[in-house]
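Residue-level structure breakdown
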Amino acid sequence: MRTALVRRSVLTASAVSLVLLATACGSGKADTKTDAKPSAPASSAAPAAKGKTDAELAALMVTLAEVPDYTGDATATGELADVDKHAVTTDKAECKVLVQSQAVQKIGTPTGIARQILSPKPKALAPDAPPEEQAKAIQKTIGNTMTMIGLSSYDGTGAEELLASLKAAGTACAGGFTATTDGEATKYEGVKPGPAVTGGDEVVSLAITIVDEGGDKATGQLVVVRKGATVATFNSISFLGTTESPTALIDTQVKKLG
């Protein structure tokens, strides 16, 4: 069940829509660009930054040995290689970068990218645990907060431009928007500031709420941290219940960036 839901998120290019994939039609004029173009480029007198390669970013990706309380899903992580094939449009052009970041898609022209999916380890049960306890454990496992992690790197001011576009989107998209991925429409109710996160050179933390066609809501957390020319994206969502901020996971990954 868990793998199927993860696969559904990859195919719709939005991890938040794992549970609440909406089918309502989008309103207004859709943005037809393939990639979100960051706004308000940051200026700097420092020498142009040099982005990292796929291999260099893979070496910087947090490992299970470094976050022993988490477990990975190799199949779901492998499917992330296909997220860039899915076309995303939004009725507000500024909001497209949010949807792409949730899906850890390539944004702009990164020099390298690495991705994976991690979830907290389920609580171990005694072999003779009663059925009621086993059922509760299964429910809790399904409700664990899954986090999609993406590392991307850019030459020049690309990383700064990406963070600037996300900051702008946090304001422009606060009242909600509609995104369409491969013909599937998803209604976003609103975007608000997320949990406080420290580390890196710049941080954007947002709480993004989606509403399905039945009126049910789910709120995911999108945290994006820039360290030099490298950007670390964390998109967290719970299949059931409340999304918990993966603070330890974020801290470990950001520290590994240097």
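Before reading on, note that the structure itself is shown above.
Residues numbered from 1 in each chain as written. Predicted model: local features only at pLDDT ≥ 70, side-chain atom pairs only at ≥ 80, totals over all residues. Heavy atoms only, no water.

**Some details on the nonpolar core**
- Grouped together as the largest cluster of nonpolar side chains are 24 residues, with contacts concentrated most on Leu98 and Phe177.
- Those elements that provide at least two residues to this core are helix H4 (96-102), helix H6 (158-172), strand S5 (177-181), strand S6 (184-193), strand S7 (202-211) and strand S8 (217-227).
- In terms of residues, this core owes the most to one element, H6, which gives 5 residues.
- When near neighbours in sequence (up to four residues on either side) are disregarded, Phe177 contacts Thr90, Asp91, Lys92, Cys95, Leu98, Val99, Thr186, Lys187, Tyr188 and Val191.
- In terms of nonpolar packing, the next biggest core, distinct from the first, is built from 19 residues, Met61, Tyr70, Ala114 and Leu151 among them. (Core = buried A, V, L, I, M, F, W, Y, C linked by side-chain atoms within 4.5 Å. Buried < 20%, exposed > 50% of the residue type's maximum accessible area, 1.4 Å probe, protein only. Helix = DSSP H or I, 4+ residues; strand = E, 2+ residues; numbered from the N terminus. Contact = heavy atoms within 4.5 Å.)

**Thoughts on the state of the cysteines**
- Applying the stated rule across the entire model yields 1 disulfide.
- Between the sulfur atoms of Cys95 and its disulfide mate Cys173 the distance is 2.0 Å. Looking down the S-S bond of the Cys95 and Cys173 bridge, the torsion is -115°, so its handedness is left-handed. Taken together, the residues span a long stretch of sequence, with Cys95 in the loop between strand S2 (88-90) and H4 and Cys173 in the loop between H6 and S5 at a distance of 78 residues. (Disulfide = S-S within 2.5 Å.)

**Comments concerning helix H7 (residues 247-256)**
- Within the span of H7, buried status applies to Leu249, Ile250, Gln253 and Val254. End-on view of H7: buried residues confined to an arc of 120°, all on one side of the axis.
- On the buried face of H7, the contacting elements are helix H2 (54-60), strand S1 (70-72), strand S3 (112-120), strand S4 (145-153), S8 and strand S9 (230-238).
- Positive phi appears at Gly258, one or two residues downstream of H7, with a value of about 105°. (Arc of directions from axis to C-beta.)

**Some words on unusual backbone geometry**
- In this model, Val104 sits at a positive phi of 45°, which is unusual for a non-glycine residue.
- Checked against the element boundaries, Val104 lands in the loop between H4 and S3.
- Judged by its relative accessible area of 4%, Val104 is buried.
- The backbone phi angle of Asp182 is positive, close to 50°, even though this residue is not glycine.
- If you trace the backbone, Asp182 turns up in the loop between S5 and S6.

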